[in-house]
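Listed here are the chains, written in short residue letters.
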There are 2 protein chains.
Amino acid sequence: MKATVVTIGDEILIGQIVDTNSSFIAKSLNQIGIEVNEMLSISDDKKHILDTLLQLQNKVNLVIITGGLGPTKDDITKKTLTEYFEDTLVVNEDVLNHVTQLIEQYFKRPITQLNKDQALVPSKCEVLFNQVGTAPGMWMEKEGTVFVSLPGVPFEMKHLIENEVIPRLIKKYDRPFIIHKTLLTYGVGESLLAERIEEWEDALPDFIKLAYLPSPGSVRLRMTARGKDEDMLEKVLAEKIALLEPQIQDCLVGLEEDDTLQVVLGKLLVKENLTIATAESCTGGKIASVLTSVSGASAYFRGSVVSYATVAKEDVLGISNQLIQEYSVVSTQIAEAMALSVQKLFKTDFAIAVTGNAGPLKGDSNAEVGTVFISIATPKEVFTEEFNFGQPREKVIDRAVNKGLELVYKEILKNYKK
Amino acid sequence: MKATVVTIGDEILIGQIVDTNSSFIAKSLNQIGIEVNEMLSISDDKKHILDTLLQLQNKVNLVIITGGLGPTKDDITKKTLTEYFEDTLVVNEDVLNHVTQLIEQYFKRPITQLNKDQALVPSKCEVLFNQVGTAPGMWMEKEGTVFVSLPGVPFEMKHLIENEVIPRLIKKYDRPFIIHKTLLTYGVGESLLAERIEEWEDALPDFIKLAYLPSPGSVRLRMTARGKDEDMLEKVLAEKIALLEPQIQDCLVGLEEDDTLQVVLGKLLVKENLTIATAESCTGGKIASVLTSVSGASAYFRGSVVSYATVAKEDVLGISNQLIQEYSVVSTQIAEAMALSVQKLFKTDFAIAVTGNAGPLKGDSNAEVGTVFISIATPKEVFTEEFNFGQPREKVIDRAVNKGLELVYKEILKNYKK
């Protein structure tokens, strides 16, 4: 059972937008044991689309296409699909009613001809009704290959995958089991980690594959097991993880598939009944934003002061001008004063404070570009670490965000776990 | 002159990470007039890699491959490329010295065997020296097709594209001109915009293609002109834009290729010498984070208070408990109190305040999930708009961020532009 994901759109091929749809689709298919063997991004061009469909026909069982179903003239996917299936476009009354209602409700105007055209579908297709948008999805079959076409707007595509496509696939196909287990590690580099667990890795059976997925400050270890016997796969994976855990205990932070540091930290804060706040300068609110991207964050996150301007450090956080003059805004002393100030202001157990220079130019201090001080205020003390995260700007910000979360996470584990 | 971008890695095919490399490479190639006809993501599998290389050979002029050059065992790209080119791996002394030095400098330890293996390259390849990482890039040619292999770590890949690959391509190929012009619009839906500019669109010459790129709250119009005569292309594009501008004046916010609302707003604030702060509840600091993602934001952004917990609205922003009790935390009154409070606290000309319920569960108020109040404090007044951004949580947050920036941008344009 193999699937290919095809994204249509010149905006992807010229690099104007990043394709996030393929990743979502692949993840959803994997969860029900359907393997994606390839992803393709092709142009809004009739010949290119036809060639691709022809090439995939009989080669894979399932082709999921996104993009090119919007109301405007640059969208030619629907017409091309109709041609490929030697079909004609007909009005689907349910879709037409739905589009009319949506436009009237949200835009308070009658529908235009372009909106009406969205209700046209190939006569032989099965319509995948789009509750959250105007472009319907389509399900078509040809010589044993299923072709599914979905709109490119991410939340419409997601809605259709979850509510229309996955249920049909589960019903239609007998699927093998694919199980992924991911271990999130922090603070140890990829090659050192690999050498440390070499013996364990060499002993993995053939049906388990291991991958190293490095990102700033962390490495994910992903094991993938494939087979017919789900219980056996789960059992062997559990045994292998039990053997691995003690070897990476010092850097292991998460064992769930979707674990991120903010999710793992959030769970720990809830479990230990602890609260947190942040004081941010060069990270500009991103630590707060990352913490609150987790649903339920209000249980432990109280708030943040983004003291971007130097004067805000004085006025809002009450840090003395004399201290700033003496040590400069990018210093251990100011980071610690920031942490203690927000900890008091928001009445929290912990606080993360960051001050630094993300670059590309030097700011209100003489600190080298990339320099970042991170302070953690705990119920008992405050401590600081200094880093240089280099350049570019986004990397400095992202590494500071991750390092701040990592420092407070490790501190709680070490000293505040009941 | 056609190019294909190939990404190797199972982590992409199972949807664990989103491929951002292909987008960056496509953008870089487009800027020097090389068209990307297709992007492929394939698995870390020897046969799959070999089949793909063979299929692209002679079909395109350039293949850029990323991924699978890390130090660990799951990376088989280099071995497979060596086999495809019927070559052998040899140690490159320059790379070996560089890797040794990097590891000693950053990790304070001698190099491991896995690190040493990174200095192995096919004997016939041209090494693309990687100043910022341990895996070298490789440039190989076979029967008129150039194959470039780069590490998958984004900043290493970017460094090599910018400093090694692009200069070589400029030298090697005679390229046609491809010019993109993008107009960023806010607040008018895709189909309505399309109907409004239909006549203008129909009159575009064949060598100019128009695409509509919708995202939450905004639509980008992208024109792409292709041809040999750069001056003519620029001239016609300028004429067409001059004709279009008056038709979309009410919703046009940017004319630069990389314009985003935060960049356009930042430029306007600098030009008018104005400052801004934010008070954020359900957006959790993301407006501040988006504003400060722009280099130079310290010229106009003073800071933010993320008052996530209700108690923080009282303690940090000084909003009376009585007002909160009377109207609930998700209300016009609280949004306006938040805006006025941070405007005063940070001594700014403008403030954006957001309070709402991003969901999925109801929080400290009875407001329906998706409800958001956005207030803008100006030098003269404060005003508020109420929205329901539906679900899911990320969409509510992103739409609130964009809408907040849009409201303040339009207010400044209308009433505070000198």
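Keep in mind it's a predicted model, so treat the numbers as computed, not measured.

1. What to know about the sheet that holds strand 14 (residues 301–307) of chain B
In step 1: Spatially, 10 strands are ordered 17(A)-16(A)-15(A)-13(A)-14(A)-14(B)-13(B)-15(B)-16(B)-17(B) in an open sheet, and the strand pairing comes out mixed. Every other strand in the sheet has two partners, leaving strand 17 (382–388) of chain A together with strand 17 (382–388) of chain B as the edge strands with one partner each. Averaged over all neighbouring strand pairs, the angle between strand axes comes to 15°, with direction disregarded.
In step 2: Across six bridges, strand 15 (residues 350–356) of chain B lies against strand 16 (residues 371–377) of chain B in antiparallel orientation. Note that in strand 16 of chain B the partner of Gly 356 of chain B across the bridge is Val 372 of chain B.

2. Considerations on the nonpolar core
In step 1: Val 6 and Ile 65 of chain A together with Val 6 and Ile 65 of chain B are the most contacted members of the largest nonpolar core, which has 49 residues in total.
In step 2: Not counting chain neighbours up to four residues away, the residues in contact with Ile 65 of chain B comprise Val 6, Ile 8, Leu 53, Thr 77, Leu 81, Phe 147, Val 148, Ser 149 and Leu 150 of chain B.

3. Let's talk about a nonpolar patch on the surface
In step 1: Together, Val 132, Val 153 and Phe 155 of chain B make up a nonpolar patch on the protein surface, roughly 190 Å² of accessible area in all.
In step 2: Tracing the backbone through its elements, the reader meets Val 132 of chain B in the loop between strand 6 (126–128) and strand 7 (137–142).

4. Some points on the relation of the copies chain B and chain A
In step 1: With an RMSD of 0.1 Å, the operation that places chain B on chain A is a rotation of 180° combined with a shift of 0.1 Å along the axis. Both copies of the chain, as the preceding transformation shows, are related through a two-fold rotation axis.
In step 2: Of the residues that chain B buries at the interface, 100% are likewise interface residues in chain A, meaning the two copies contact each other through the same surface.

5. Looking at the interface of chain B and chain A
In step 1: Contacts between chain B and chain A engage 86 residues on the former and 87 residues on the latter.
In step 2: Across the interface of chain B and chain A, roughly 6,800 Å² is buried in total on both sides, 55% from carbon and sulfur atoms.
In step 3: There are four salt bridges connecting chain B and chain A.
In step 4: A salt bridge links Asp 315 of chain B to Lys 347 of chain A; the shortest N-O distance between them is 2.6 Å.
In step 5: Linking chain B to chain A there are 34 residue pairs in polar contact (both at pLDDT 80 or more).
In step 6: A class-by-class count of the residues in the side of chain B that touches chain A yields 34 nonpolar, 27 polar and 25 charged.
In step 7: Of the pairings in the sheet, the one linking strand 2 (residues 35–42) of chain A to strand 2 (residues 35–42) of chain B comprises three bridges and is antiparallel in character. Within strand 2 of chain B, the position partnered with Leu 40 of chain A by the bridge is Leu 40 of chain B.

6. What to know about the confidence of the model for chain A
In step 1: Of all residues in chain A, 98% attain a pLDDT of 70 or more, and the chain-wide mean is 91.
In step 2: For chain A, per-element mean pLDDT is lowest for strand 12 (residues 252–254) of chain A, which scores 82, and highest for strand 13 (residues 276–280) of chain A, which scores 98.

7. What about the pattern of salt bridges?
In step 1: For the structure shown, the criterion picks out 30 salt bridges over all chains.
In step 2: In this structure, the salt-bridge partner of Lys 209 of chain B is Asp 10 of chain A, at a minimum N-O distance of 2.9 Å. One end of the pair, Lys 209 of chain B, is in strand 10 (residues 208–215); the other, Asp 10 of chain A, is in helix 1 (residues 10–13), on a second chain.
In step 3: Accessibility expressed as a relative area gives 39% for Lys 209 of chain B, which makes it partly exposed.
In step 4: Relative accessible area serves as the criterion here: at 12%, Asp 10 of chain A is assigned to the buried category.

8. Side note on the packing of aromatic side chains
In step 1: Taken as a whole, this structure holds 12 aromatic pairs over all chains when the rule is applied.
In step 2: Ring geometry for Tyr 84 of chain A and Phe 147 of chain A: centres 5.8 Å apart, planes at 65°, overall edge-to-face. Residue Tyr 84 of chain A is found in helix 4 (residues 77–84), and its partner Phe 147 of chain A is found in strand 8 (residues 145–150); the two are separated by 63 residues along the sequence.
In step 3: Ring-pair connections join several aromatic residues into one group, and the members of that group are Tyr 84, Phe 85 and Phe 147 of chain A.
In step 4: The ring of Tyr 84 of chain A carries the charged tip of Lys 142 of chain A above its face, separated from the ring centre by 4.2 Å.
In step 5: In this structure, Lys 395 of chain B is placed above the aromatic ring of Phe 155 of chain A, and the distance from its NZ or CZ to the ring centre is 4.1 Å.

9. Overview of the side chain of Ser 191 of chain B
In step 1: In this fold, Ser 191 of chain B is placed in helix 8 (residues 190–196).
In step 2: Accessibility expressed as a relative area gives 7% for Ser 191 of chain B, which makes it buried.
In step 3: Setting aside residues up to four positions removed in sequence, Ser 191 of chain B forms contacts with Pro 71, Arg 109, Leu 114 and Asn 115 of chain A.

10. Quick word on the domain arrangement of chain A
In step 1: Segmentation of chain A into domains returns domain 1 (2–172), domain 2 (177–254) and domain 3 (261–415).
In step 2: Taken over C-alpha atoms, the centre of domain 1 of chain A sits 36 Å from the centre of domain 2 of chain A.

11. Digging into the sheet that holds strand 12 (residues 252–254) of chain B
Residue and element names in this part refer to chain B.
In step 1: Spatially, the four strands line up as an open sheet ordered 10-11-9-12, and their pairing is antiparallel. One side of each edge strand has no neighbouring strand; the edge strands of this open sheet are strand 10 and strand 12. Taking the axes of each pair of neighbouring strands and ignoring which way they run, one obtains an average angle of 30° across the sheet.
In step 2: Bridge analysis of strand 9 (residues 177–186) against strand 12 gives two bridges, and the strand direction is antiparallel. Within strand 12, the position partnered with Thr 185 by the bridge is Leu 252.
In step 3: Across the face of the sheet, helix 10 (residues 230–244) comes into contact with strand 9, strand 10 and strand 11 (218–227) while running at roughly 15° to strand 9.

12. Things to note about the side chain of Thr 283 of chain B
In step 1: With respect to the helices and strands, Thr 283 of chain B occurs in the loop between strand 13 (276–280) and helix 12 (286–291).
In step 2: A distance of 2.8 Å separates a polar atom in the side chain of Thr 283 of chain B from a polar atom in the side chain of Glu 280 of chain B.

13. Structural notes on helix 10 of chain B
All names here are of chain B.
In step 1: Taking 1.5 Å per residue as the helical rise, helix 10 with its 15 residues ought to reach 21 Å, and the 21 Å between its terminal C-alpha atoms agrees with that figure.
In step 2: When we look at burial in helix 10, the residues that qualify are Leu 233, Val 236, Leu 237, Lys 240, Ile 241 and Leu 244. An end-on view of helix 10 places all buried positions within 135° of arc, on one side of the element. The outward face of helix 10, more than 90 degrees from its buried face, is lined by the exposed residues Asp 231 and Lys 235.

14. Observations concerning the pairing of strand 15 (residues 350–356) of chain A
Residue and element names in this part refer to chain A.
In step 1: When you tally the buried positions in strand 15, you get seven out of seven residues, the bulk of the element.
In step 2: With burial as the criterion, each face of strand 15 is covered, one bearing Phe 350, Ile 352, Val 354 and Gly 356 and the other bearing Ala 351, Ala 353 and Thr 355.
In step 3: Two elements, strand 13 and strand 15, share five bridges in a ladder whose sense is parallel. Note on strand 15: the bridge partner recorded for Thr 278 is Ile 352.

The rules behind each value
- The residue numbers shown here count from 1 along each chain, following its written sequence.
- Each chain is given a letter, starting from A, and each ligand a number, starting from 1, according to the order in which they appear as written.
- Where local features are concerned, this predicted model is filtered to residues with pLDDT of at least 70; where side-chain atom pairs are given and counted, the filter is 80 or more; whole-chain, interface and lining totals use all residues.
- Heavy atoms from the whole structure form the basis of all side-chain values; hydrogens and water molecules are not counted.
- Two strands are said to pair when DSSP picks up at least two bridges between them.
- Put simply, DSSP marks the helices as runs of H or I at least four residues long and the strands as runs of E at least two long, and each gets a number from the N terminus on.
- Angles shown run from 0 to 180 degrees and are taken between the N-to-C directions of axes, each axis being a line fitted to C-alpha atoms and, for helices, limited to the stretch in contact.
- Buried Ala, Val, Leu, Ile, Met, Phe, Trp, Tyr and Cys residues form a nonpolar core when they are joined through side-chain atoms within 4.5 Å.
- Remark: exposure states derive from per-residue accessible area (1.4 Å probe, protein chains only) relative to the maximum for the residue type, with buried under 20%, exposed over 50%, and partly exposed in between.
- Throughout, a contact is declared for two residues whenever any of their heavy atoms are within 4.5 Å.
- Note that patches include only residues with greater than 30% relative accessible area and no salt bridge, and the join distances are 9 Å for like charges and 5 Å for nonpolar side chains (Val, Leu, Ile, Met, Phe, Trp, Tyr).
- We get accessible surface area from the Shrake-Rupley algorithm with a probe of 1.4 Å; when it comes to residues, only the shown protein chains can shield them.
- Each salt bridge in this description consists of a side-chain nitrogen of Lys or Arg and a carboxyl oxygen of Asp or Glu lying within 4 Å of one another.
- When the copies are superposed, the least-squares fit draws on C-alpha atoms of residues that have pLDDT of at least 70 in both.
- Here the quantity called buried area is the accessible surface, traced with a 1.4 Å probe, that two parts lose on coming together, added over both.
- By the criterion applied in these results, polar contacts are pairs of N or O atoms within 3.5 Å in which, for protein atoms, one can donate a hydrogen and the other can accept it, and in which residues neighboring in sequence qualify only through two side-chain atoms.
- In this classification, the charged set is Asp, Glu, Lys and Arg, the nonpolar set is Ala, Val, Leu, Ile, Met, Phe, Trp, Tyr, Cys and Pro, and all remaining amino acids, among them Gly, are polar.
- Confidence of the prediction at every residue is given by pLDDT, a number between 0 and 100.
- In this scheme Phe, Tyr and Trp rings, the latter by its six-membered ring, pair at centre separations within 6.5 Å, and the angle between planes marks the pair as stacked below 30 degrees, edge-to-face above 60, and tilted otherwise.
- Either the NZ atom of lysine or the CZ atom of arginine qualifies as a charge over a ring when it sits within 6 Å of the ring centre and within 35 degrees of the ring normal.
- Segmentation into domains, and thus their bounds, comes from an automatic or database assignment.
- Multiply 1.5 Å by the residue count of a helix minus one, and that product is the helix's expected span.
- Working note: the arc is built from the helix axis to C-beta atom directions.

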